[in-house]
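Close look at the chain arrangement
Here is what each chain is made of, one letter per residue.
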Amino acid sequence: MTSTTTTTGHTTVGGGWIATVPPEDATGVLAEAYAKQVEKIGRVSELTQIGSLYPELVAQRLALYQVVDATPSDVPEWARRAVALLTSVLNGCLHCTVGNTQKLVDAGYGPLADAIKADARRHSTGDRPIDAIFTYTRKLVLRPASIVEADVVALRRAGWSDLDILDVNNIAAYYCYINRVAHGLGLQGEA
C-alpha cells in the first residue's frame, strides 16, 4: 500500500487524493469502525480509510455494506457477487472490480468473472433468471432514469420475488455509490 504524509500530519493511502487517518492513529468511533473491519476481513481497507476524516461516515458506510450484504434473499451468493462485479465494471472502477473478481474466483466462478469483464454490456449466462438480473443491473447502472415498472415486472416474470429484486437493486445501488467514492477520491488502482 502506497502512503504519503500530508502537511496536516495525516497520510494518503493507495494513491488516494485526500488525507486519511491511518489505523494506528485512529481513536473513538473511527478506531471502533476500523476494529470491526479488521475483525471481519483482517485489515482496514483503503476504501474504508479514504473516509476517515469523518469517522461517523466510515462507521455508517461499513454498516450499510453489512446490511446490504446480509439481505436474506434467494439470489445465490455468486449471482450477488456477479451483480457487484457487473456494476463495478460498467462504472469503470478498477478498485472494486478487482475485489469483486476475487470473490467470484474464490466461489468457483472465475470464468463468469472473466466473461463479465470481457463484455459487461452484453454477456449472457444462458440462465433466464440470472440474465434478467444482469439486464436490470445494466439498465440501472447505465440509464437509471429509464427504469420503469416493467423492468421490475420482468424480474418477477423471471422468477424473482420482491425481496430478491430489492436485494439486486441495493447491491447495484451500493456499488454505484462506492465506485464513485473510489473514483472521486483517487482510489483508481487495484484493491
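Preceding this paragraph is the structure being described.
First, a word on scope: everything that follows refers to the structure included in this document. Here the residue numbering is sequential within each chain, running from 1 through the sequence in written order. Selection of residues for local features in this predicted model requires a pLDDT of at least 70, selection of side-chain atom pairs for listing and counting requires 80 or more, and totals for whole chains, interfaces and linings are taken over all residues. Note: side-chain values were computed over all heavy atoms of the structure, leaving out hydrogens and water.

Some details on the overall build of the protein chain
Going along the chain from the N terminus, every DSSP run of H or I of four or more residues is numbered as a helix, and every run of E of two or more is numbered as a strand. Check the secondary structure of the protein chain and you find 9 helices and 2 strands. Reading the protein chain from its N terminus to its C terminus gives the helix and strand order β-β-α-α-α-α-α-α-α-α-α. The dimensions of the protein chain, computed from C-alpha atoms along their principal axes, are 55 × 35 × 30 Å. When burial is assessed residue by residue, the protein chain has 45% of its 191 residues classed as buried. With a 1.4 Å probe rolled over the protein chains alone, any residue whose accessible area is under 20% of its type maximum counts as buried; one over 50% counts as exposed, and the rest are partly exposed.

Observations concerning the packing of aromatic side chains
Think of it this way: a Phe, Tyr or Trp ring, Trp meaning its six-membered ring, pairs with another when their centres are within 6.5 Å, and the plane angle makes it stacked under 30 degrees, edge-to-face over 60, tilted otherwise. Under the criterion given, the structure shown has 3 aromatic pairs. Note on Tyr65 and Tyr174: the rings are 5.6 Å apart at their centroids and 55° apart in plane angle, and the pair reads as tilted. Of the two residues, Tyr65 is situated in helix 3 (residues 55-69) and Tyr174 in helix 9 (residues 162-184); the sequence distance between them amounts to 109 residues. Overall, the relative accessible area of 19% leaves Tyr65 in the buried class. We classify Tyr174 as buried; its relative accessible area is 9%.

Notes on the pattern of salt bridges
For salt bridges, the criterion is a side-chain nitrogen of Lys or Arg within 4 Å of an Asp or Glu carboxyl oxygen. In this structure the tally under the stated criterion is 8 salt bridges. Here Arg81 ties to Asp69 by a salt bridge, and the two come within 3.0 Å at their closest N and O atoms. Placement of Arg81 in helix 4 (residues 77-90) and of Asp69 in helix 3 is noted, with a sequence separation of 12 residues between them. Judged by relative accessible area, which is 6%, Arg81 ranks as buried. Its salt-bridge partner being Arg81, residue Glu77 comes within 2.6 Å of it at the nearest N-O pair. Within this pair, Glu77 and its partner Arg81 are both found in helix 4, separated by 4 residues, close to a single helical turn. Each of Asp69, Glu77, Arg80, Arg81 and Asp167 takes part in one network of salt bridges that share partners.

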